[in-house]
Amino acid sequence: MSTAMNFGTKSFQPRPPEKGSFPLDHFGECKAFKEKFMKCLRDNNFENTLCRNESKEYLECRMERQLMAQESLEKLGFKDLMDEKSEAKKNL
Amino acid sequence: RSRGSRRRTLTSPGPDSHSRARPDLALAGAGSGARALCPGCHGGVWARQPSWRPRSSNPFTREQEQEWRRRNRTVLTYVAAAAVGMIGASYAAVPLYRLYCQTTGLGGSPVAGHASDQIETMVPVKDRIIKVTFNADVHASLHWNFRPQQTEIYVVPGETALAFYKAKNPTDKPVIGISTYNVVPFEAGQYFNKIQCFCFEEQRLNPQEEVDMPVFFFIDPEFAEDPKMAKVDVITLSYTFFEAKEGHKLPVPGYN
């Protein structure tokens, strides 16, 4: 938090998260998915674009175990992944 | 004639025993000429020196002096009113400024109507890669091991990203912590949107417990269009954990 008492300079205003806070995963139920995601990140030089499938799976795990409010994945920004999946299904 | 009799009581004892005991009052009687110049002053035995006395003895300039005195008083009243008005305005400025910032969205304050269906429709800006580095801090009184699980992650605006922090409670008692965050540079903070995280709510860790704490965020695609952000390639997200005590309120964002 900025402590400089300058009137007029922009100070940082923390904002609450849009969907609130994640409940803590006390029992490590989604730890396997997290490990998969972290491994993917390490393998791909920490590029998020290449590991979006793993992050989607982690969030799905949370939603299944009531550790996250159920939400359609499009609303979480995974629309392109959903479109890809439906396209792949169509082509099959 | 009465004045003359009073003067005589100064030197010789007389029936008027007041004046002998109170010589200053006798003096007031002696200075009777002053009473004519000071019509507003209370005359009589208890009269003191008047507070203001015109300097000139000329009646015409005396009037002018009175006129000046009146004008000075008017000016002084106006100046005092202006000073009080300034102080009042400085107190009123705080809520007014807040209102102004909320309506115009300047200074990075939250703009009303930031809908979450923006996430659905936003298009990633693939040619602008931003490095997000992570920092974790803990307040001195909180004995948790709190650290990020990745030092950095490369994202593009418009794409949602997941990152993890890890916290461990090495003590033998359950501890409740609450965290806040900070984004550097400050101007990039308005584009940094957290969909879900672990901040601003109390998180309880049992003894010897270790948990993963995810942060799900994205950078607003408008970041790529802001000329002020053209040189910004690194954004640092910093979380700080405090111990949540009874009755201690962490300043939660929002105007309450």
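Since this is a predicted model, take the numbers as computed values, not measurements. (Residues numbered from 1 in each chain as written. Chains lettered and ligands numbered in written order. Predicted model: local features only at pLDDT ≥ 70, side-chain atom pairs only at ≥ 80, totals over all residues. Heavy atoms only, no water.)

Enquirer: How should I be thinking about the overall build of chain B in this particular structure?
Expert: In terms of helices and strands, chain B carries six helices and nine strands. Counting only residues that meet the buried cut, chain B has 35% of its 256 residues in that class. Pairs at least 24 apart in sequence give 71% of the contacts found in chain B among residues at least 6 apart. As displayed, chain B has an accessible area near 16000 Å², and 56% of this comes from carbon and sulfur atoms. (Helix = DSSP H or I, 4+ residues; strand = E, 2+ residues; numbered from the N terminus. Buried < 20%, exposed > 50% of the residue type's maximum accessible area, 1.4 Å probe, protein only. Contact = heavy atoms within 4.5 Å. Areas by Shrake-Rupley, 256 points an atom, 1.4 Å probe, with all protein chains shown as cover.)

Enquirer: Would you mind going over the packing of helix H1 (residues 31-43) of chain A against helix H2 (residues 52-64) of chain A with me for this structure?
Expert: Helix packing geometry: the angle between the two helix axes and the distance between the axes. Residues and elements named next belong to chain A. Where H1 meets H2, the closest approach of the two axes is 9 Å, and the angle between their N-to-C directions is 165°. Classified by the angle their axes make, H1 and H2 are roughly antiparallel. Between H1 and H2 the crossing geometry is left-handed. Residues Phe33, Lys34, Lys36, Phe37 and Cys40 of H1 lie in contact with H2, whose contacting residues are Glu54, Ser55, Glu57, Tyr58 and Cys61. For the contact of H1 with H2, the class distribution of residues is five nonpolar, one polar and four charged. (Axes fitted to C-alpha atoms, helices over the stretch in contact; angles between N-to-C directions. Parallel < 35°, antiparallel > 145°, perpendicular 65-115°, else oblique. Left-handed = near helix turned anticlockwise from the far one by under 90°. Nonpolar A, V, L, I, M, F, W, Y, C, P; charged D, E, K, R; others polar.)

Enquirer: Even after reading the chapter, I still don't get the confidence of the model for chain B, so can you show me in this structure?
Expert: Detailed conclusions should not be drawn from predicted coordinates in areas where pLDDT is low. Residue and element names in this part refer to chain B. Across chain B, the average pLDDT comes to 78, with 71% of residues at or above 70. Within the model, the stretch residues 109-113 combines pLDDT values under 50 with six contacts to residues more than four positions away or in other chains. In the predicted complex, the global pTM is 0.62; the interface-specific ipTM is 0.82. (pLDDT = per-residue confidence, 0-100.)

Enquirer: Would you mind going over the sheet that holds strand E2 (residues 145-148) of chain B with me for this structure?
Expert: By way of backbone hydrogen bonds, the strands of a sheet pair with one another, either parallel or antiparallel. Residues and elements named next belong to chain B. Strands sit in the order E2-E4-E8-E6 across an open sheet of four strands; the sheet is antiparallel. Where the open sheet ends on each side, the last strands, each with one partner, are E2 and strand E6 (192-196). Direction aside, neighbouring strands of the sheet carry axes that sit 30° apart on average. Where E6 lies against strand E8 (residues 210-219), four bridges are found, and the strand directions are antiparallel. (Pairing = 2+ DSSP bridges.)

Enquirer: I would appreciate a short explanation of the sheet that holds strand E9 (residues 234-243) of chain B in the present structure.
Expert: Residues and elements named next belong to chain B. Read from one edge of the open sheet, five strands run E3-E1-E9-E5-E7, paired in mixed fashion. Pairing within the sheet leaves two strands with one partner each, and these edge strands are strand E3 (152-155) and strand E7 (203-205). Each strand of the sheet is rotated relative to its neighbour by a mean of 30°, with strand direction disregarded. As paired strands, strand E1 (residues 130-138) and E9 are joined by eight bridges and run parallel to one another.

Enquirer: So what exactly am I meant to see when it comes to the interface of chain B and chain A here?
Expert: One frequent convention defines the size of an interface as the accessible area lost when the parts assemble. Between chain B and chain A, the residue contacts involve 52 residues of the former and 40 residues of the latter. Between chain B and chain A, the buried area comes to about 4500 Å², and carbon and sulfur atoms account for 56% of it. At the junction of chain B and chain A, the tally comes to one salt bridge. One salt bridge in this structure joins Asp212(B) and Lys34(A), with 3.2 Å as the shortest N-O distance. Seen at the junction of chain B and chain A, the total is 21 residue pairs in polar contact (both at pLDDT 80 or more). Mapped onto the side of chain B that touches chain A, the elements with two or more residues apiece are helix H6 (117-121), E3, strand E4 (160-168), strand E5 (175-184), E6, E7 and E8 of chain B. Looking at the side of chain B that touches chain A element by element, the count peaks at six residues for E8(B). (Buried area = accessible area lost by both parts, 1.4 Å probe. Salt bridge = Lys/Arg side-chain N within 4 Å of Asp/Glu carboxyl O. Polar contact = N/O pair within 3.5 Å; in protein donor to acceptor, adjacent residues only side chain to side chain.)

Enquirer: Can you walk me through the UniProt feature "transmembrane region" (unreviewed entry) in chain B in this structure?
Expert: As recorded in UniProt, the sites labelled "transmembrane region" (unreviewed entry) are residues 75-94 of chain B. Between the end C-alpha atoms of residues 75-94 of chain B the distance is 30 Å, and the span holds 100% helix and 0% strand. (UniProt positions renumbered as here; feature names shortened; annotations may be inferred.)

Enquirer: For this particular structure, what's the right way to read the packing of aromatic side chains?
Expert: Remark: the centre distance and the inter-plane angle together describe each pair of aromatic rings, the angle taken between the planes. Within this structure, the stated rule accounts for 16 aromatic pairs over all chains. Look at Phe78(A) and Phe216(B): their rings are 6.0 Å apart centre to centre, the planes differ by 20°, and that puts the pair in the stacked class. Of this pair, Phe78(A) sits in the loop between H2 and helix H3 (79-91) while Phe216(B) is found in strand E8, placing the two residues in two different chains. Pair check on accessibility: Phe78(A) and Phe216(B) agree, each one buried. Where Phe146(B) meets Phe241(B), the ring centres are 4.8 Å apart and the plane angle is 85°; that geometry is what we call edge-to-face. Of this pair, Phe146(B) sits in strand E2 while Phe241(B) sits in strand E9, and the two are 95 residues apart along the sequence. For the pair formed by Phe146(B) and Phe241(B), the shared burial category is buried. (Phe/Tyr/Trp six-rings, centres within 6.5 Å; stacked < 30°, edge-to-face > 60°.)

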